[in-house]
Amino acid sequence: MHRNGIAEDKEKVEGIGPSKSSEEGGDVGKASDSDQGGGTHGIAPLNLENYPRLYRRLALSLSHLHRPTRDDFLRVATGFWQRLRIRFKWFTIRSFRRFNADDISAFITWFLMSQTLWILVGTTTFFSVVFATANSLRLQENVARAISNYLTAETGVTIIFESAIVPKWKDSRISFKNVYISRRPRSDVTPSTEKKVTGHKAAIGYDVKEEITLDHSDDDLNYSMFDLNVDSIDVTLSFKRWLDGKGLVEDAVIKGVRGILDRRSVFWDPEHPLDPAAFRHTPQPGDFELELLQLEDVLITVYQPGDFRPYTASIFRADMRNLRKQWLFYDFLCAENVVGQFDNCLFSLHKPQSIGRTTDQDLKDGKWSRMSRIRIDGVNIDHMQNSTTQEGPISWITSGKVDAVLDIKFPRDPEDDFPLNALLGEIADALSTAASVSLLNERIPGQRELAKPPLTAPQSDDFTEDDDTPKVIIDIDLRFRDLKAAVPLFASDLSYVNSALIRPIVAFMNAHRTLVPIHCRVTKNLSDFDGAWTMWETGLMDEISEKTYDALAHHVAQVNMNRRVKAVSIWSLQMTASAVLSALRTMVDPMAIQSRGHYLPYDAFVPDS
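Rules of the game
- Residues numbered from 1 in each chain as written.
- Predicted model: local features only at pLDDT ≥ 70, side-chain atom pairs only at ≥ 80, totals over all residues.
- Heavy atoms only, no water.
- UniProt positions renumbered as here; feature names shortened; annotations may be inferred.
- Helix = DSSP H or I, 4+ residues; strand = E, 2+ residues; numbered from the N terminus.
- Buried < 20%, exposed > 50% of the residue type's maximum accessible area, 1.4 Å probe, protein only.
- Contact = heavy atoms within 4.5 Å.
- Areas by Shrake-Rupley, 256 points an atom, 1.4 Å probe, with all protein chains shown as cover.
- Patch = residues over 30% accessible without salt bridge, like charges linked within 9 Å, V, L, I, M, F, W, Y side chains within 5 Å.
- Salt bridge = Lys/Arg side-chain N within 4 Å of Asp/Glu carboxyl O.
- Expected span 1.5 Å × (residues − 1).
- Arc of directions from axis to C-beta.
- Axes fitted to C-alpha atoms, helices over the stretch in contact; angles between N-to-C directions.
- Parallel < 35°, antiparallel > 145°, perpendicular 65-115°, else oblique.
- Nonpolar A, V, L, I, M, F, W, Y, C, P; charged D, E, K, R; others polar.
- Phe/Tyr/Trp six-rings, centres within 6.5 Å; stacked < 30°, edge-to-face > 60°.
- Lys NZ or Arg CZ within 6 Å of the ring centre and 35° of its normal.
- Core = buried A, V, L, I, M, F, W, Y, C linked by side-chain atoms within 4.5 Å.
- Domains from an automatic or database assignment.
- Pairing = 2+ DSSP bridges.
- Polar contact = N/O pair within 3.5 Å; in protein donor to acceptor, adjacent residues only side chain to side chain.
- pLDDT = per-residue confidence, 0-100.

- Where an unreviewed UniProt entry is consulted, the chain appears under the name Mitochondrial distribution and morphology protein family 31/32, with the organism given as Serpula lacrymans var. lacrymans.
- Turning to the chain, the UniProt annotation filed under Function (unreviewed entry) states: "Involved in the organization of the mitochondrial membranes and the global structure of the mitochondria. Also required for mitochondrial distribution and mobility as well as for the maintenance of mitochondrial DNA nucleoids structures."

1. Some words on the overall build of the chain
Right, so step 1: Counting its secondary structure elements, the chain contains 18 helices and 16 strands.
Right, so step 2: The burial tally for the chain puts 34% of its 609 residues in the buried class.
Right, so step 3: Excluding contacts between residues fewer than 6 apart, the proportion of contacts in the chain whose partners are at least 24 apart in sequence is 68%.
Right, so step 4: Carbon and sulfur atoms provide 56% of the accessible area of the chain, an area that totals close to 37800 Å².

2. Some words on a nonpolar patch on the surface
Right, so step 1: Taken together, the side chains of Phe 88, Phe 99, Ile 104, Ile 108, Trp 110, Phe 111 and Leu 112 define a hydrophobic patch exposed on the protein surface, amounting to about 750 Å² of accessible area.
Right, so step 2: Tracing the sequence through the fold places Phe 88 in helix α5 (residues 80–93).

3. Quick look at helix α8 (residues 140–155)
Since the α-helix packs 3.6 residues into each turn, any two residues three or four apart lie on the same face.
Right, so step 1: Look at α8: 22 Å from first C-alpha to last across 16 residues, which is about the 22 Å you get at 1.5 Å a residue.
Right, so step 2: For α8, every residue scored as buried is listed here: Ala 144, Ile 147 and Ser 148. An end-on view of α8 places all buried positions within 105° of arc, on one side of the element. Residues of α8 that are exposed and point over 90 degrees away from its buried face: Tyr 150, Ala 153 and Glu 154.
Right, so step 3: Immediately beyond the C-terminal end of α8, within one or two residues, lies Gly 156, with a positive phi of roughly 80°.

4. Quick notes on the packing of helix α3 (residues 53–60) against α5
How two helices sit against one another is set out by the angle between their axes and by the gap between those axes.
Right, so step 1: Between α3 and α5, whose axes approach to 11 Å, the crossing angle comes to 105°. As judged from the angle between their axes, α3 and α5 are roughly perpendicular. Of α5, the residues touching α3 (which contributes Leu 54, Tyr 55, Arg 57 and Leu 58) are Gln 82, Arg 85, Ile 86 and Lys 89.
Right, so step 2: Classifying every residue of the contact of α3 with α5 gives 4 nonpolar, 1 polar and 3 charged.

5. Structural notes on the pattern of salt bridges
Right, so step 1: Under the definition given, this model contains 24 salt bridges.
Right, so step 2: Among the salt bridges present, the one from Glu 296 reaches Arg 317, with a minimum N-O distance of 2.3 Å. Highlighted residues: Glu 296 in strand β7 (residues 292–303) and Arg 317 in strand β8 (residues 311–320), separated in sequence by 21 residues.
Right, so step 3: Overlapping salt bridges bring together Arg 184, Asp 227, Asp 262 and Arg 264 as one network.

6. A word on the packing of aromatic side chains
Right, so step 1: According to the stated counting rule, one finds 12 aromatic pairs in the structure shown.
Right, so step 2: Here Trp 327 and Tyr 330 contribute two aromatic rings whose centre-to-centre distance is 5.7 Å and whose plane-to-plane angle is 70°, an arrangement assigned as edge-to-face.
Right, so step 3: A cation over an aromatic ring shows up here: Arg 264 above the ring of Tyr 303, its NZ or CZ 4.4 Å from the ring centre.

7. Some details on the nonpolar core
Right, so step 1: Counting residues in each nonpolar core, the largest one holds 80 residues, and the members touching the most others are Phe 480 and Ile 505.
Right, so step 2: If you tally residues by element for this core, the top one is helix α17 (residues 540–588), at 8 residues.
Right, so step 3: Two domains share this core, each providing at least three of its residues, namely domain 2 (136–186 + 219–325) and domain 3 (347–414 + 453–459 + 468–553).
Right, so step 4: Setting aside its immediate chain neighbours within four residues, Ile 505 contacts Trp 396, Tyr 549, Leu 552, Ala 553 and Val 556.
Right, so step 5: Among the nonpolar cores identified, the runner-up in size contains 10 residues, and Leu 54, Leu 58, Ala 59 and Ala 77 belong to it.

8. Details of the environment of Pro 393
Right, so step 1: Structurally, Pro 393 is set in helix α13 (residues 393–396).
Right, so step 2: Separated by 94 residues in sequence, Pro 393 and Val 487 have C-alpha atoms that sit 9.6 Å apart.

9. Notes on the pairing of strand β10 (residues 337–342)
Right, so step 1: Looking at chain direction, β8 and β10 are connected through 6 bridges and run antiparallel. Among the inter-strand pairings, Ala 318 is bridged to a residue of β10, identified as Val 338.
Right, so step 2: Summarising the sheet, β10 and strand β11 (residues 345–350) pair through 5 bridges and their orientation is antiparallel. Across the sheet, Gln 341 pairs through a bridge with Leu 346, a residue of β11.
Right, so step 3: In textbook terms, the turn of a hairpin is the stretch between consecutive antiparallel strands, and for β10 and β11 this stretch comprises 2 residues, one of which, Asp 343, has a positive phi near 50°.

10. Details of the side chain of Asp 227
Right, so step 1: Mapped onto the elements, Asp 227 comes out in strand β4 (residues 225–237).
Right, so step 2: In this structure the side chain of Asp 227 is engaged in a polar contact, spanning 3.4 Å, whose partner is the side chain of Tyr 180.
Right, so step 3: A distance of 2.8 Å separates polar atoms of two side chains, one belonging to Asp 227 and the other to Arg 184.
Right, so step 4: Ignoring sequence-local partners within four residues, the contact set of Asp 227 consists of Tyr 180, Ile 181, Ser 182, Arg 184, Arg 258, Gly 259 and Ile 260.

11. Points about the pairing of β11
Right, so step 1: One ladder, built from 4 bridges, connects β11 with strand β12 (residues 368–380); its direction is antiparallel. Bridged to Ser 348 within β12 is Arg 375.

12. A short note on the packing of helix α7 (residues 123–136) against α8
Right, so step 1: Two elements in contact, α7 and α8, have axes whose closest approach is 7 Å; the angle formed by their N-to-C orientations is 135°. It follows that α7 is oblique to α8 by the angle criterion. Contact residues: α7 offers Phe 131, Ala 134 and Asn 135, while α8 offers Gln 140, Val 143 and Ile 147.
Right, so step 2: Tallied by class, the residues present in the contact of α7 with α8 amount to 4 nonpolar, 2 polar and no charged.

13. Quick notes on α7
Right, so step 1: Look at α7: 20 Å from first C-alpha to last across 14 residues, which is about the 20 Å you get at 1.5 Å a residue.
Right, so step 2: Listed in full, the buried residues belonging to α7 are Thr 123, Thr 124, Phe 126, Ser 128, Phe 131 and Ala 134.
Right, so step 3: Against α6 (101–121), α8, β2 (165–168), β3 (173–183), β4 and α9 (239–243) lie the buried residues of α7.
Right, so step 4: Once α7 finishes, Arg 138 follows within two positions and takes phi at roughly 60°, a positive value.

14. Re the confidence of the model for the chain
Right, so step 1: Confidence in the prediction of the chain, expressed as mean pLDDT, is 74, and 69% of residues score 70 or more.
Right, so step 2: Below a pLDDT of 50 lies the segment residues 1–45, which in the model reaches 51 contacts outside its immediate sequence neighbourhood of four places, other chains included.
Right, so step 3: Note on residues 434–441: pLDDT under 50 across the span, and 7 contacts to partners over four residues away in sequence or across chains.

15. Structural notes on unusual backbone geometry
Generally, phi is negative for residues other than glycine and the peptide bonds are trans, each holding for most cases.
Right, so step 1: Positioned with a positive phi, Asp 307 is a non-glycine residue whose angle comes to about 60°.
Right, so step 2: On the accessibility criterion, Asp 307 (81% relative accessible area) is exposed.

16. Topic: the environment of Pro 458
Right, so step 1: As for its position among the elements, Pro 458 is in the loop between β14 (455–456) and β15 (471–485).
Right, so step 2: Note on Pro 458: relative accessible area 44%, which makes it partly exposed.
Right, so step 3: Once residues lying within four places of it in the same chain are set aside, the contact partners of Pro 458 are Asp 550 and His 554.

Below, the structure written as structure tokens:
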């Protein structure tokens, strides 16, 4: 009787099994005797081999005859992990069968696509998770060493991280602590020597204790060397920018920099002056283009060639909205603000202000995209002498200081659609401010007003309105103080200018040693800043030297000409007055002139001895 009842139940199950198995693939069927031994409440589902071991055991414990559902499995589950597996299986494939090849390929595709999207959208977060995981596993030293080796191999500059890389979740940045950056000649390692080199403290934990000897006889040392210690570098990464060829770093915040810049090994031939354009950087794939750079507390000691005295250059705070490797010096001039100290002389870079208009209103003239002002007070004249490649008035100065203010106007992007709107805005501003006082729109001068007009160079035709070439306009206000100048001793130094004006110019500078103000304008093509990393590579100092000579020569020539005109005028006046007096005397006493011719000389009345 019992066997017959079981057979009837199986027949009923087989009658309803095909309709449900066709929909979900989870048929119920006939189970073996061994499988039935695991369940005591009813008949096991058919095709039990399609279920994993967990779901097979749970299905055998069910009492009903229909296909088990998620709630049925959750009801008979006995632990947290069993319930988690049930929910995961139902969430992924809406069934409890085994994963097939299609399911596994779908999981792999979903995982790869999600990770790729995560890296593209949240590159910083992705690497933060990687670094946090490495730190939790005590692998921070290995990660730091791997990154240091990679950056050293890619840049050619030694980069070492002393401590672990710490993610900043609140700021969405990655912080590198205690970074050591060095550019020095490679040392030749020889195991036979017993001398050991003690490196920077950041190199602790790295293989730098081997016995080495330094041999630089065959090395090319004609380049600048530096050693920098950085407290922290906070960066934001972007894999999308890296694919676009702009570098992996999107923005950076650098704090606490100390180091030296050693240029004492740099040399050149004085007989063959260097061409600044030949030292400009050539673009390379992957050159960085930062959208934001902030510098705080930077102090570097500079050693120049030629036994020049060492000096310090520091930046207290700098905010740059854009910094590209190909336009490094240009983007530095375009910075939002820079405050620092150069050889104990304060300098600042900021936007000039007007009394009656804001800076944004000043930029609506349709010609310039930005204006910046650089001011430095009391810088020693020897820095300007070392920055020029030609001989001129600046090289004739033996001692003195200079206060400089440079107002820089940057051209607008030719691809920008702003000029038409700017033209309309300019017309509207002209109509609305026609009755306003023009003095209110003038910019605040960078230095105090002078009692007399400054020396100015003659106007040149470097900039014309019809020229569409993008140009950078620099208005320069130089005020030389406490000058002492001397005529060059060698004739070869006089080839730069007309030697006839050298002595008057030197005499003028010595006579006005208290203050010599000079105003000039320099026009540079935008292409001159392409690849330039310093002011010397743009050729700006050479043009400032030429403009200084033009202003001094023009002033001396005008003074000499005025002096000659004055002397000629006085002589002409004297001759004219003498002729007028002779004419008046003739008119008053005409007989005196006639009788004067009949006078005998005194010797006629003296007898011969």
